[in-house]
Structures are given as C-alpha cells and as structure tokens.
Amino acid sequence: MIQKKICMIGTSGVGKTSLVARFVSSIFSDKYLTTVGVKIDKKVLTVDGTNVTLVLWDLAGDDDFQRLQLSYLRGTAGYILVADGTRQITLDQLLDIQARVMEAVGPVPFVLALNKADLQTQWEIGKERIEQLTAQGWHILLTSAKTGAGVEEAFSDLSRMLLAPKP
Amino acid sequence: MEDFEELRRLLLGREQEQIRDLNSRIEDKERRVRDVSVVLPHAVKLSLERNGELDRALQPSVENSLRIAIQKKPEIFVEAFHPIIGPIVRRSIAESLRGLLQSLNQTLENTFSWQGLKWRFEALRTGKSFGEIVLLRSMVYRVEQIFLIHRETSLSLLYVARDPTASKDSDMVAGMLSAIQDFARDSFEAGADAVLEEFRVGELEVWIAPGRHAYLAAVIRGSAPRDLRLALQETIESVHILKGAELAQFEGDSAVFESVRPELEACLRAQYQPAASSQSRQIKAWLALAGTATLLLSIAWMAWKSDGRWRDFLQRLNAEPGLAVTANKHNWFLKSRVEGLRDPLAVDAAPLAVAAGLDPARLIFQWKEYLALDPVSVRRRFEKRFSVPAGSKVTLKNGVVEIAGTAPFEWIEQLRREALFVPGISALSERDLTLLYDPARVLEKFQAAFPLPAGVVADFNSGSLALSGRAPYEWVAAVREGAKRIPGVTAISEKELEVVFDPARVLSRFEARFGLPESVSASVEEGILILSGEASHAWLARVRPAATQIAGISAIREQSLVDLDEQTFRQSKSVIETALIYFLPNKENFATEGFVALSRLPDEIRRLQTAAKRVGATIGIEIRGSADAVGSEAKNIDLSERRAKAVFDFLVSCGLDAAMFKPLGLGAALVPGEKAAPEQANRRVAFRVVSPPSSVAP
Ligand SMILES: Nc1nc2c(ncn2[C@@H]2O[C@H](COP(=O)(O)OP(=O)(O)OP(=O)(O)O)[C@@H](O)[C@H]2O)c(=O)[nH]1
Ligand SMILES: [Mg+2]
C-alpha cells in the first residue's frame with residue numbers, strides 16, 4: 001500500500017480542520033476549536049484503481065499567535081492550501097505562506113481550496129482573481145466542509161497529481 | 001582700561017584659561033557624559049567592593065527596565081533563555097519520572113496488602129484474570145509496540161505489537177510521534193539531528209532509537225533497563241544496513257520493509273519480577289488469605305447452586321453428539337462463555353441451556369467447527385449426504401456402514417463411490433442386500449453400450465434382457481460378450497431374435513481362423529461354405545472338422561476340391577505298381593530295359609514316402625519276384641527270390657530304408673488276376689504298395 005503525507009495549510013479559521021473532518025469522517029460542526037500544533041488523521045483513497053493511504057497533517061493556522069511550523073512540512077508529498085472565500089484577506093495571506101512553503105519543501109504538488117463555498121452571500125473573492133491564479137497553473141477548487149461539495153475532489157485531485165509519474 | 005585688561009591677562013591669564021575650560025566641561029553635557037563614562041566603571045566596582053549599596057539602589061530601576069524590555073521585545077529574552085530552558089525542563093521531567101517509578105515500585109511490592117485486594121477488584125472489574133493483573137503490575141517492563149518510522153516523511157514503515165488486536169492506527173501514531181519530535185526540537189532549538197529520546201504517556205513510556213533515515217519508537221510498559229536502548233539502537237542500525245537503499249529512496253510504499261519484521265519483533269522484550277517472599281509479607285499474606293477465604297466461603301453456597309446448573313449445562317453440552325466443550329468461564333456479572341468444537345450438524349446449544357435452567361442471552365458461545373466422529377454425528381453426516389431410501393436398512397458400527405434390505409442400484413452405486421469420503425466412515429458392507437434396478441435405466445445403459453441396430457427391440461424384465469427382431473451376428477456377439485457387465489443384466493434371451501449373417505464377414509472370419517491358400521477359392525451361400533481348387537492335405541484336415549465352428553457356417557461343400565497330397569500319393573503309387581523290372585533268362589541279372597526301369601524307382605519311392613507322410617498313411621512295398629515256367633518249381637521259387645533280393649539290394653544301396661521293403665519270391669505262378677504274359681514277360685520283379693506294411697521280416 002502506498003502512503004503519502006499531505007499537509008493542510010492556511011490561516012486560522014479558514015476550515016482546514018473542518019475539511020479533514022468532512023473528508024475522513026463525513027462530519028461537520030459549527031463550533032470553532034482552533035488547532036494547536038498539529039493533528040494527524042488518515043484516510044485510504046482509491047485513485048484510478050490504486051489504493052493510497054493519505055496521512056493528513058492538519059497544521060495550526062498561521063497567524064499572530066502561531067507561526068507556521070515549517071518542520072512539520074518535512075517530507076510532505078503534497079499539500080492543500082485553504083483560504084476562506086468569505087474573507088479576501090485569507091487568500092492574500094495564503095500567497096505569502098505559499099512562498100514560504102515552496103521554499104521549505106520545493107515544488108511538490110498542491111491544490112488551492114477556496115472554502116465555505118456554501119456562504120454565497122458573503123463571498124468576497126472575485127472571478128478575475130481565480131482566473132489569474134489558474135493562469136499561473138494553480139489548481140483551484142471551491143469547497144464546502146459544511147455541505148461536502150468539492151471536498152472529495154480536492155483530495156482525490158491532489159492524490160492523482162501525487163501518483164502521476166514525475167516528469 | 002586697556003592697560004588694566006592687559007594687566008589682568010598677565011596676572012591671571014593661565015587661571016582664566018583653566019576656569020573657562022572647567023566651565024565648558026561643566027556646561028558641555030556631552031563632555032561630561034564622556035568623563036563620567038570613564039570613571040563610572042571604577043566607581044561601580046568600588047561600590048560593589050564596599051557594601052552593595054549600589055545594587056540596592058539600582059534594583060528598582062533595573063527591574064523596571066527589564067519589565068519594559070520584556071514587554072517590548074520578548075524575542076530577545078526568549079532567544080536568550082532557550083539554551084537553558086531545554087535542559088532545565090528535561091531535568092525536571094526526568095526527576096519526576098524517577099519519583100513516579102519509585103512509588104510504583106513500592107506499590108508493586110505489597111502484593112498481599114491493600115494493593116493486592118485492589119488488584120483483585122480490578123481483575124473482577126476488567127474481566128482479566130488475577131494472574132494477568134499481577135503479571136501486568138509486577139512486570140518490570142514489557143515492550144508492547146514498536147514502530148519503524150521514516151524520518152523524512154514521518155510515515156510508518158512497519159509496525160509490530162505484542163498484542164496485534166490492540167493496535168491503533170500505526171500510520172497516524174507514526175505521524176504524531178514525528179510531530180512531537182519536531183515540536184520538541186523546534187521548541188528547544190536543539191540541532192536538527194537532536195532527538196527526543198524518551199517520553200512518558202500515562203503508564204507507557206516511549207523510547208526513540210534514531211537512525212539516519214528512519215527511527216524506531218518503542219512503546220514500553222514499566223521501566224525498562226538501559227540495555228534495551230542498546231538493543232533498539234542495534235536494531236535500527238541493522239535495519240539501515242539491510243534496507244539502506246530502500247529507506248533513502250522511500251516513496252510511500254512500505255511493503256519492502258516487511259522483511260525486517262523479525263528484527264523488530266526481537267525487540268518486543270519483557271521482564272517480570274520474581275515473586276518476592278519475606279516473613280512479614282507472608283504473615284500479611286496469610287491474613288489476607290484467611291479473610292478472603294471467609295469471604296469466599298460465604299459466597300460459596302450462593303455460588304453452589306448456580307454452579308450446579310452450570311455443571312449440568314456443561315454435562316449436557318458434552319453429552320450431545322458433535323459438541324465438545326474445551327473451555328468455559330462461568331461469570332456471575334458478565335456473560336458466561338463456552339468455547340469448544342461443534343460439528344456443523346450438531347444441535348443448537350441454546351435449547352440445552354434453557355433445559356439446564358440458564359438464560360441463553362447471558363451466554364456467549366464460541367464454537368470452532370470440527371467433524372465429530374462419534375456414531376451419532378457420523379450417522380447424521382451419512383444421512384445428510386445419502387438420503388436413505390425406504391426399504392434399506394443402514395447400521396453403523398465402528399465406522400463400518402452395513403446396508404441390508406433392498407436398495408436402488410443407483411443409490412448403492414453412489415454409496416460405493418462416495419461413502420468412504422464421509423469423515424468417520426471407513427468401510428461399506430452390503431449384506432443380504434437386494435438391488436433394485438430401474439428397467440428404464442438398465443435399458444438406457446444397454447443402448448448406450450450397444451446401440452440397437454434397426455429392427456431390433458430390447459426389453460428388460462427381472463434381470464433378463466430380451467432381444468427380438470433381426471440383428472447382425474457381430475452385434476449379437478458383442479451383446480453376448482458384454483451385456484452381462486451392465487449392472488442388473490443377468491441373462492439374455494434371444495428367443496425372438498433372428499441372427500443375420502453377412503457372407504463376406506463370415507468368410508473373412510473363416511479366413512482369419514484358417515487362412516486361405518491361393519489355390520483355393522471359397523464362398524459362403526446360405527450358411528454353406530463352398531470350397532474349390534487345390535489344397536494341401538494338412539489344410540483340408542484342419543478345415544473339414546472345424547469349419548462349422550465358425551458362426552455363420554453350418555456345412556461345407558467341396559466342389560472339385562483337390563487334395564494335392566493325396567493326388568501325389570496315388571500317382572506315385574500307380575507309377576511304382578506299374579513298373580516292371582525284367583531279368584535275363586534263368587539269371588538274377590537285370591535285362592537292359594529292366595535296369596532302366598529300376599533306376600527311376602528310388603526317386604519315385606521317395607516321392608511316395610513324402611506324400612504318404614502328408615496324408616498320414618504308413619506304407620510298405622512288396623518286391624515281388626517271378627520266373628518263367630521253364631524249369632522246376634523249386635528252382636523257379638529260388639530264382640524268383642534271388643531276383644527280388646537283387647532289386648531289394650539295389651534299392652537299399654540307393655539309401656532307402658530296408659524296413660520298408662518286403663522281397664517275395666513268387667516262382668512261376670501268375671499273380672491272380674494278372675493276365676498271362678509272354679514267356680519273357682514273366683522273368684521280372686513287380687511292386688505292390690501295401691498299407692500297413694507286413695509285419696513279417698524279409
Ligand atoms: N459555513 C461554513 N463554515 C465552515 C466551513 N468550513 C469551516 N467552517 C467553520 O469555520 C470555522 C473554522 O473552522 P476550522 O476547520 O476549525 O478552521 P481551521 O482552518 O482548522 O482553523 P485553525 O485550526 O485555527 O487554523 C468553524 O466554525 C467551522 O464550523 C464551510 O465550508 N462552510
Ligand atoms: Mg484547525
């Protein structure tokens with residue numbers, strides 16, 4: 001069985017823990033319990049007929065109180081960047097974080113999840129912004145940990161990228 | 001005025017310079033600071049040497065400034081304190097661990113104290129045996145789980161555990177262990193290669209043995225000796241030696257590390273404390289035992305009743321064929337357990353529990369399937385597999401199945417084939433068994449083996465196969481030969497059957513048996529063998545008596561059939577018997593023409609001999625001498641004898657067997673029936689072929 005380490009990265013409160021909970025145990029809670037340090041979970045996924053065990057590292061959100069612990073990223077096969085679609089600023093900060101991550105782990109595959117897609121009325125991130133990132137080659141998905149929309153895809157898309165033979 | 005000024009300058013010029021200088025020193029703040037900075041260290045030093053007044057004076061402001069500084073720039077202090085905080089925390093943790101161990105050790109020693117009772121209670125509560133609890137508690141240490149974890153990816157490469165069922169998700173644990181290490185490393189800013197070597201979680205201790213690419217994490221219960229660390233270190237080293245390349249190139253597929261499982265398992269060590277025994281403890285132990293005994297006795301009678309039911313139930317279970325109880329545990333509070341073996345055809349155990357007065361819902365059965373070999377179970381198995389037909393009587397004794405009565409053939413056939421495959425059955429015996437044959441099935445089999453020719457009808461009735469119609473002989477022969485091998489067929493009736501012969505086939509069967517000389521032509525017509533041509537006597541002798549044994553030949557007709565050997569025999573015989581050997585008058589000397597005739601004779605006699613042998617005849621040849629009427633009777637007899645003797649001598653000298661010839665002197669007498677010949681004609685020797693040869697010696 002192939003195992004892959006995957007990190008969840010994003011600022012506080014964007015829904016990293018919620019996405020993992022939705023993906024691993026199909027549950028969602030409105031309560032917000034900020035993650036301290038790191039929480040590890042796992043899930044077996046079948047991608048194009050191959051079974052792969054994803055070991056998910058849900059890292060504490062990067063904010064004024066906790067810096068992103070770069071050492072937790074060591075050996076990660078890929079990562080999911082998470083931003084909160086109802087707060088434009090979480091995406092701006094995420095781009096900074098991504099640069100640091102890239103420096104630490106090199107060019108490993110990643111996807112960007114714009115989370116809380118269920119909150120349409122409060123949505124802040126414009127279409128142009130998404131198109132611009134897509135043009136840079138980013139793989140972007142709209143997800144909702146609450147409804148489950150896009151969650152499975154985010155993980156399986158990333159897994160597929162991990163399993164693709166390296167150029 | 002100017003002069004005054006000049007005077008002052010002359011008198012006080014130097015002092016004025018100095019005053020200005022001093023003035024400026026006092027006024028120029030910067031300069032003053034510079035000056036103080038030169039003297040301050042000395043002053044502080046001096047003050048310290050005296051009585052610490054300065055310290056006291058400075059304390060409030062220093063504290064204040066520190067507070068401000070920490071509020072404003074905590075990083076500086078954090079940075080500054082890091083190197084010392086790490087070791088301090090570690091030392092403090094080690095200290096408290098040691099304390100914990102101490103108290104644990106003390107409690108362990110009081111086996112029969114309050115602690116002992118508590119363990120008993122714990123045993124009762126957890127359902128584990130008391131021995132298990134004591135073992136657990138008096139254990140020095142036990143390595144319970146070992147993780148082999150890849151450093152770079154934090155993924156679990158291999159996981160071994162003493163109790164495989166207790167395993168948590170090793171992938172997640174591996175991740176957490178790595179995260180803890182990262183956290184510790186980052187928090188105390190130890191070098192990248194530094195590792196958290198051990199930490200304690202509740203009753204468990206986790207030891208880490210680091211390696212270049214992977215590390216071992218051993219989960220230990222109790223306090224392990226130092227040499228365990230050495231063993232772990234050696235193990236991770238040998239893992240690196242065995243799997244170095246795979247570790248360096250690890251991409252997520254951990255299957256290749258399965259081969260180092262034995263190395264990891266060797267680290268699942270344990271050590272237990274030998275049972276301590278001391279005087280005081282024994283007394284305590286006795287007291288405790290006595291107390292327990294009273295308690296037990298008081299509950300015993302309560303238990304007795306319930307126990308009786310339990311024993312009754314176990315007896316019922318064990319008495320039941322196909323059930324065997326191997327272990328049982330009668331619990332009062334928890335559900336009781338029964339473990340054992342159960343034949344798939346055995347009865348359900350729950351009704352037995354009801355019969356014994358127990359509640360099946362409070363029982364847990366754990367049956368393993370097995371094949372019971374007791375007679376009842378074997379019989380059940382037999383009957384399930386072969387439903388016994390009415391009329392058959394089956395008895396089973398010591399693995400031997402005995403069948404009596406009547407039984408359909410097909411059923412018996414299946415038994416013969418499969419009975420010995422039934423576990424518990426070793427032999428099959430049929431005694432006074434009448435087999436019933438289904439006529440339709442028998443006929444079906446017969447027709448399958450011997451497809452019926454057109455026009456033939458077969459019928460089967462109580463063992464006899466009745467055939468009617470016209471059937472080719474070959475088919476009938478095959479049926480006669482093989483039909484009785486069909487189960488159920490004991491006789492064949494051909495009363496209504498007409499057997500048809502194909503002349504060509506009859507002939508070829510004839511030929512196959514006797515052979516057919518080229519000079520003979522044969523045909524079969526209406527059952528009669530017609531032979532013509534020429535054949536050796538021997539062949540004919542074989543054919544004549546035996547040809548009718550060939551099916552389809554009822555008689556032989558010979559149409560101008562020549563026996564070649566007999567013909568030769570007759571020809572030779574007449575040649576010899578017509579030959580006449582003439583003699584000179586009154587002499588036993590051959591006349592010329594007589595000698596010519598004589599010289600042809602030996603070959604002819606040989607030919608005759610051969611032919612006689614072929615036709616099975618034994619022959620002799622009389623050499624008959626005679627004389628003409630001239631002279632006396634006695635003289636003529638003598639002459640004729642001498643003449644016969646001369647011929648005899650000649651023939652013997654030619655190599656012919658003397659015993660075959662019989663020389664006779666006939667005198668002048670005419671052979672009866674011979675026509676009178678001219679005088680000269682009587683001076684001769686003639687021959688007669690006789691059979692059997694005369695017994696009189698020549
Ligand atoms: N409506 C909505 N709420 C969400 C969604 N995902 C997360 N939330 C809420 O957002 C809050 C933060 O979610 P978390 O998953 O704890 O966020 P996090 O990124 O793990 O935060 P940190 O652990 O502090 O870094 C919680 O109250 C969630 O209920 C979503 O898709 N839709
Ligand atoms: Mg979280």
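Residues numbered from 1 in each chain as written. Chains lettered and ligands numbered in written order. Predicted model: local features only at pLDDT ≥ 70, side-chain atom pairs only at ≥ 80, totals over all residues. Heavy atoms only, no water.

Q: Where do I start with the overall build of chain A in this structure?
A: Scanning chain A from N- to C-terminus turns up four helices and six strands. Mapped from its N terminus to its C terminus, chain A presents α and β elements in the order β-α-β-β-β-α-β-α-β-α. Per-residue burial over chain A gives 50% buried out of 167 residues. Considering only intrachain contacts with a sequence separation of at least 6, the fraction spanning at least 24 residues in chain A is 72%. (Helix = DSSP H or I, 4+ residues; strand = E, 2+ residues; numbered from the N terminus. Buried < 20%, exposed > 50% of the residue type's maximum accessible area, 1.4 Å probe, protein only. Contact = heavy atoms within 4.5 Å.)

Q: What is the right way to look at the coordination of the magnesium ion (ligand 2) in this model?
A: Put simply, a metal with four donors set out as a tetrahedron has ideal angles of 109.5 degrees, and one with six donors set out as an octahedron has ideal angles of 90 or 180 degrees. All names here are of chain A. Surrounding the magnesium ion (ligand 2) are the protein donor atoms T17 (OG1) and T35 (OG1), at 1.9 to 2.0 Å. In this pair, T17 is assigned in helix α1 (residues 16-25) and T35 in the loop between α1 and β2 (38-47), connecting sequence segments 18 residues apart. In this structure T17 comes out as partly exposed when scored by relative accessible area, which is 29%. (Donors = N, O, S within 2.8 Å, 3.2 Å for Na, K, Ca; no water.)

Q: I tried to follow the sheet that holds strand β19 (residues 580-582) of chain B on my own but got confused; where do I start?
A: Paired through backbone hydrogen bonds, the strands of a sheet run either parallel or antiparallel to each other. All names here are of chain B. Strand order in this open sheet of four strands is β19-β22-β20-β21, and the pairing throughout is mixed. At either end of the open sheet lies a strand with only one pairing partner, and these are β19 and β21 (661-665). Within this sheet the neighbouring strands show an average axis-to-axis angle of 20 degrees, counted without direction. Note: β19 against strand β22 (residues 684-690), three bridges, orientation antiparallel. (Pairing = 2+ DSSP bridges. Axes fitted to C-alpha atoms, helices over the stretch in contact; angles between N-to-C directions.)

Q: Looking at this structure, I do not really get the environment of S560 of chain B. What am I missing?
A: All names here are of chain B. Within the secondary structure layout, S560 lies in strand β18 (residues 555-563). Residues S560 and E534, spaced 26 residues apart in sequence, show a C-alpha to C-alpha distance of 8.5 Å. Discounting chain neighbours no more than four positions away, the residues touching S560 are S532 and G533.

Q: What's the story with the site of ligand 1 in this structure? I'm lost.
A: Residue and element names in this part refer to chain A. Taken together, 23 residues lie around ligand 1, and T17, S18, S29, Y32 and T34 are the ones closest in. One of the side-chain N or O atoms of T35 is found 2.8 Å from an oxygen atom in ligand 1. One of the backbone N or O atoms of A145 is found 2.8 Å from an oxygen atom in ligand 1. Alone, ligand 1 offers 650 Å² of accessible surface; in the complex the protein occludes 94% of this. Ranked by the residues each element gives to the shell around ligand 1, the list is headed by α1, at three residues. Each residue belonging to the shell around ligand 1 can be placed in one class, and the counts come to six nonpolar, eleven polar and six charged. (Near = heavy atom within 4 Å. Polar contact = N/O pair within 3.5 Å; in protein donor to acceptor, adjacent residues only side chain to side chain. Areas by Shrake-Rupley, 256 points an atom, 1.4 Å probe, with all protein chains shown as cover. Nonpolar A, V, L, I, M, F, W, Y, C, P; charged D, E, K, R; others polar.)

Q: Looking at this structure, how should I read the pattern of salt bridges?
A: One side chain can pair with another of opposite charge once the charged atoms of both are near each other. This model, assessed by the stated rule, comprises 43 salt bridges over all chains. For R431 of chain B, the salt bridge is made with E402 of chain B, and the minimal N-O distance between the two is 3.9 Å. Highlighted residues: R431 of chain B in strand β12 (residues 427-436) and E402 of chain B in strand β11 (residues 400-408), separated in sequence by 29 residues. For R431 of chain B, a relative accessible area of 46% puts it in the partly exposed group. Put simply, R606 of chain B and D603 of chain B hold a salt bridge, and the shortest N to O gap is 3.7 Å. In this pair, R606 of chain B and D603 of chain B are both assigned in helix α19 (residues 592-615), three residues apart and thus about one turn of the helix distant. On the basis of relative accessible area, R606 of chain B is assigned to the partly exposed category, the value being 34%. Three or more residues joined by partner-sharing salt bridges are found here, namely D48, D157 and R160 of chain A. (Salt bridge = Lys/Arg side-chain N within 4 Å of Asp/Glu carboxyl O.)

Q: How should I be thinking about helix α15 (residues 473-482) of chain B in this particular structure?
A: All of the buried residues along α15 of chain B are Y473, W475, V476, V479 and G482 of chain B. In this structure, the buried side of α15 of chain B is in contact with α14 (439-449), β13 (456-461), β14 (464-472), β15 (491-500) and α16 (503-514) of chain B.

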